[in-house]
Amino acid sequence: VAPPAPAPVAEAAAPAPAAEAAVFKVDAKMVKDLRARSGAAMLDCKNALTEAVGDIEAAMTWLRKRGIAKADKKIGNVAVEGAVASYVHFNSKLGVICEVNSETDFVAQNEIFKEFTSDLAMQIAANPSIVYISSAEVSDEEKAKAKLVEMAKED
């Protein structure tokens, strides 16, 4: 007579890899808030929040680094053409002059570009959250923070 077969042993399921278990879930409200604050695309905001594990400030820094990296591709292009626009509020207590440069005179002479510069001057005047008028007004702490972001970018 043959001995009885051993009872089957249940194998324990392998634990999920740590990378899959640690993925941060980004909700739509967080993406909307970051998008409103940064003006970046939704997918970029989602990726930034995922990288920053939900920290808005770290996500803003991530977006700045990415934007700076994109700007490196155009470093050789020189914007020597452009337009100047002004806006004076109806009570003459507020005025703005702004210069917007472009790479070609074709763009600078375009009616849409001229309208854009005029609209930009008006928006600057209408924006109550303008923090600095010139670089001399920026605190050393803010300059140091911006320098850290620049130094941390990937080359």
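Being a predicted model, the structure only gives us computed values, none of them experimental.

A. Up close: the overall build of the chain. Of regular secondary structure, the chain possesses 7 helices and 2 strands. The secondary structure elements of the chain, listed N-terminal to C-terminal, are α-α-α-α-β-β-α-α-α. Counting only residues that meet the buried cut, the chain has 17% of its 155 residues in that class. If you take every contact in the chain between residues at least 6 apart in sequence, the share linking residues at least 24 apart comes to 35%. Accessible surface computed for the chain: about 12,300 Å², of which carbon and sulfur atoms make up 59%.

B. View of helix α6 (residues 111-126). Taking 1.5 Å per residue, 16 residues should reach 22 Å; α6 reaches 23 Å between its end C-alpha atoms and fits that length. Along its buried surface, α6 packs onto β1 (81-88), β2 (95-102) and α5 (105-108). Between the side-chain oxygen at the start of α6 and the backbone nitrogen of I112 there is a gap of 2.7 Å, and the oxygen is on N110.

C. Seen up close, the packing of helix α2 (residues 28-38) against helix α3 (residues 42-51). It is at 9 Å that the axes of α2 and α3 come closest, and there the two elements cross at 115°. Here α2 is positioned roughly perpendicular relative to α3, judged by the angle of their axes. Crossing geometry of α2 relative to α3 is assigned as right-handed. Every residue of α3 that contacts α2 at M30, V31, L34, R35 and S38 is listed here: M42, C45, K46, A48 and L49.

D. Representation of the pattern of salt bridges within the structure. Under the definition given, this model contains 3 salt bridges. In this structure, D33 engages K29 in a salt bridge whose closest nitrogen and oxygen atoms are separated by 3.0 Å. Highlighted residues: D33 and K29, both in helix α2, separated by 4 residues, approximately one helical turn. Measuring nitrogen to oxygen at the nearest pair gives 2.6 Å for the salt bridge that ties E57 to R37. Here the residue E57 occupies a position in helix α4 (residues 56-72), and R37 occupies one in helix α2, the gap between them amounting to 20 residues. For E57, a relative accessible area of 36% corresponds to the partly exposed category.

E. Focus on the pairing of β2. Where burial is concerned, the two faces of β2 differ: the one with V96, C98, V100 and S102 is buried and the one with G95, I97, E99 and N101 is not. Two successive antiparallel strands, β1 and β2, enclose a turn made up of 6 residues, where S92 displays a positive phi of approximately 60°.

Reading the values: the criteria
- Residues numbered from 1 in each chain as written.
- Predicted model: local features only at pLDDT ≥ 70, side-chain atom pairs only at ≥ 80, totals over all residues.
- Heavy atoms only, no water.
- Helix = DSSP H or I, 4+ residues; strand = E, 2+ residues; numbered from the N terminus.
- Buried < 20%, exposed > 50% of the residue type's maximum accessible area, 1.4 Å probe, protein only.
- Contact = heavy atoms within 4.5 Å.
- Areas by Shrake-Rupley, 256 points an atom, 1.4 Å probe, with all protein chains shown as cover.
- Expected span 1.5 Å × (residues − 1).
- Polar contact = N/O pair within 3.5 Å; in protein donor to acceptor, adjacent residues only side chain to side chain.
- Axes fitted to C-alpha atoms, helices over the stretch in contact; angles between N-to-C directions.
- Parallel < 35°, antiparallel > 145°, perpendicular 65-115°, else oblique.
- Left-handed = near helix turned anticlockwise from the far one by under 90°.
- Salt bridge = Lys/Arg side-chain N within 4 Å of Asp/Glu carboxyl O.
- Pairing = 2+ DSSP bridges.

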